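# Breakdown of the fold
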Amino acid sequence: MKLTADIWVSAYLTRLRLQEIPAFVVKRGDNTAGAVLVKLNTLDGQARCYQRSFDLMTGDRQWMVLVEGEEAEVDNSIAKQRSFDPDLWVIEVEDKAGRHLLDEPGLE
């Protein structure tokens, strides 16, 4: 059974909160089928944006880096994605240590 986007986002935010990692929804997308981008802001002017991608070799879905670098560059890339995908969710995670938890079981 596939989780809806809003349930996945809620579970993800709860996991982050339990680890005391600040995160918030920047853009709320479609509740059922919206894609999710996760922006990791390391609070030093740098950021990284993750998206779920399909691995053709294994058939698995994995979190891959869409763009990384100066925060303004990452924000511009996210704005571009939002301009052609109105159903897109954008979550911003703020952590100096670079924790995002996307590699933990259950979030893949």
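Further up the page is the structure itself.
Just so you know, these numbers come straight off a predicted model, no measurement behind them.

Basis of the calculations
Residues numbered from 1 in each chain as written. Predicted model: local features only at pLDDT ≥ 70, side-chain atom pairs only at ≥ 80, totals over all residues. Heavy atoms only, no water. Helix = DSSP H or I, 4+ residues; strand = E, 2+ residues; numbered from the N terminus. Buried < 20%, exposed > 50% of the residue type's maximum accessible area, 1.4 Å probe, protein only. Polar contact = N/O pair within 3.5 Å; in protein donor to acceptor, adjacent residues only side chain to side chain. Contact = heavy atoms within 4.5 Å. Salt bridge = Lys/Arg side-chain N within 4 Å of Asp/Glu carboxyl O. Phe/Tyr/Trp six-rings, centres within 6.5 Å; stacked < 30°, edge-to-face > 60°.

Here we take up the side chain of H100. Relative to the elements of secondary structure, H100 occurs in the segment after strand 5 (89–94). Residue classification places H100 among the buried residues on the basis of a relative accessible area of 13%. At 3.0 Å, the side chain of H100 and the backbone nitrogen of L102 are in polar contact. The contacts of H100, once residues within four sequence positions are left out, are Y12, L16, L40 and Y50.

The next subject is the pattern of salt bridges. The final tally for this structure, using the stated rule, is six salt bridges. Taking the shortest distance from any N to any O, the salt bridge between D75 and K39 comes out at 2.6 Å. Taken together, the residues span a long stretch of sequence, with D75 in helix 2 (residues 71–84) and K39 in strand 2 (residues 36–41) at a distance of 36 residues. For K39, a relative accessible area of 3% gives the class buried. The salt bridge partner of R99 is D95, with a shortest N-O separation of 2.9 Å. On the basis of relative accessible area, D95 is assigned to the buried category, the value being 7%. Members of the salt-bridge network, linked through shared partners, are K39, E71, D75 and E92.

Here the distance between the centres and the angle between the planes together describe a pair of aromatic rings. Applying the stated criterion to the full structure yields two aromatic pairs. When the centroid spacing of 5.0 Å and the interplanar angle of 20° are considered together, the rings of W8 and Y12 count as stacked. Within this pair, W8 and its partner Y12 are both found in helix 1 (residues 5–18), separated by four residues, close to a single helical turn. Accessibility classification places W8 together with Y12 in one group, the buried group. Linked through ring pairs, W8, Y12 and W63 together constitute an aromatic cluster.

None of the figures reported here should be taken as evidence of function without further support.
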